[in-house]
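Structure at a glance
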Amino acid sequence: MGSKCCAVCGKEFSPTNNRAKYCEYCRLCIKKDRKKAYRQSEKGKSYHKAYYKAWIQSEKGKISDKAYRNSEKGKAVRKAYFKSEKGKAVIKSYRQSEKGKAVRKAYFKTYQQSDKYKSIIKSYRQSEKGKATSKVSNQKKILNMKSYYLNQLGIPPELHDLKRAQLQLLRACRE
Ligand SMILES: [Zn+2]
């Protein structure tokens, strides 16, 4: 066999068979491009998806996926995804879905009954911050005490502010 000119770059090359049209370099490039185009095509994508799904459900795939999730790279990828617009939208729609709501509710209920939660609440209430917060919220409750409630106690409207101040004072004394 004599030499031929590459149909892409024009370089002379020694063909390995009669149908060869491209030099070694161009042949590899074309192969690579075809592969890329296939991967980006709908057919290529759906094939890849199906393949991935089957793989992830296999024992080997599960182990590998778990290892990936726990790896630094896997964690970083997940973190970046949750911060991306797409990831945020996915999380939001999950939270608003019935399933997401039910899962959260069930999770919170279990959490509330856990000893960990109880001890957190207890230590918060005993902390300076917790005490201050409850003091403020109690004062707010008095300040925001509905006129309706004071009317029920038989207090005329012009004395409502006075009554509120009195209640606040009483509470401050008790503390
Ligand atoms: Zn070439």
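I will try to describe carefully the structure that is included in this document.

The rules behind these values
Going along each chain's sequence as written, the residues are numbered from 1 onward. Given that the model is predicted, a residue must reach a pLDDT of at least 70 before its local features are reported, and side-chain atom pairs must reach 80 or more before they are shown or counted; all residues, however, enter totals for whole chains, interfaces and linings. Secondary structure follows DSSP: runs of H or I at least 4 residues long count as helices, runs of E at least 2 residues long count as strands, and numbering of each begins at the N terminus. Once C-beta atoms are placed from the backbone, each residue is buried if 20 or more other C-beta atoms lie within 10 Å of its own, exposed if 12 or fewer, and partly exposed for counts between those two. Here the contact rule is simple: place C-beta atoms from the backbone, and any two residues whose C-beta atoms are within 7 Å are in contact. Helices are assigned an expected span. That span is 1.5 Å times one less than the residue count. Lines fitted to C-alpha atoms define the axes here, with helix axes fitted over just the stretch in contact, and angles between the N-to-C directions of these axes take values from 0 to 180 degrees. In these notes the angle categories are as follows: under 35 degrees is roughly parallel, over 145 is roughly antiparallel, 65 to 115 is roughly perpendicular, and the rest is oblique. Crossing chirality is assigned from the near helix's rotation relative to the far helix, an anticlockwise turn below a right angle marking it left-handed and a clockwise turn marking it right-handed. Residues are sorted three ways: Asp, Glu, Lys and Arg are charged, Ala, Val, Leu, Ile, Met, Phe, Trp, Tyr, Cys and Pro are nonpolar, and all the rest, Gly among them, are polar.

1. Describing the overall build of the protein
Within the protein one finds ten helices and two strands. Traced from its N-terminal end to its C-terminal end, the protein shows the element sequence β-β-α-α-α-α-α-α-α-α-α-α. Expressed as lengths along the three principal axes of its C-alpha atoms, the size of the protein is roughly 115 × 40 × 30 Å. For the protein, buried positions account for 1% of its 175 residues. A sequence separation of at least 24 residues applies to 11% of the contacts in the protein between residues at least 6 apart.

2. Observations concerning helix α7 (residues 115-126)
Since the α-helix packs 3.6 residues into each turn, any two residues three or four apart lie on the same face. Taking 1.5 Å per residue as the helical rise, α7 with its twelve residues ought to reach 16 Å, and the 16 Å between its terminal C-alpha atoms agrees with that figure. Of all twelve residues in α7, zero are buried; the element is thus mostly exposed.

3. Notes on the environment of Arg-78
Tracing the backbone through its elements, the reader meets Arg-78 in helix α4 (residues 72-83). Along the chain, Arg-78 and Ala-132 lie 54 residues apart, while their C-alpha atoms are 38 Å from each other.

4. Points about the packing of helix α8 (residues 128-143) against helix α10 (residues 160-174)
Relative orientation of the contacting elements α8 and α10 amounts to 155°, with a least axis distance of 9 Å. By the angle between their axes, α8 is roughly antiparallel relative to α10. The crossing of α8 and α10 is right-handed. Between α8, through Asn-138, Gln-139, Ile-142 and Leu-143, and α10, the contact on the second element is made entirely by Arg-164, Leu-167, Gln-168 and Arg-171. Residue classes in the contact of α8 with α10 are distributed as three nonpolar, three polar and two charged.

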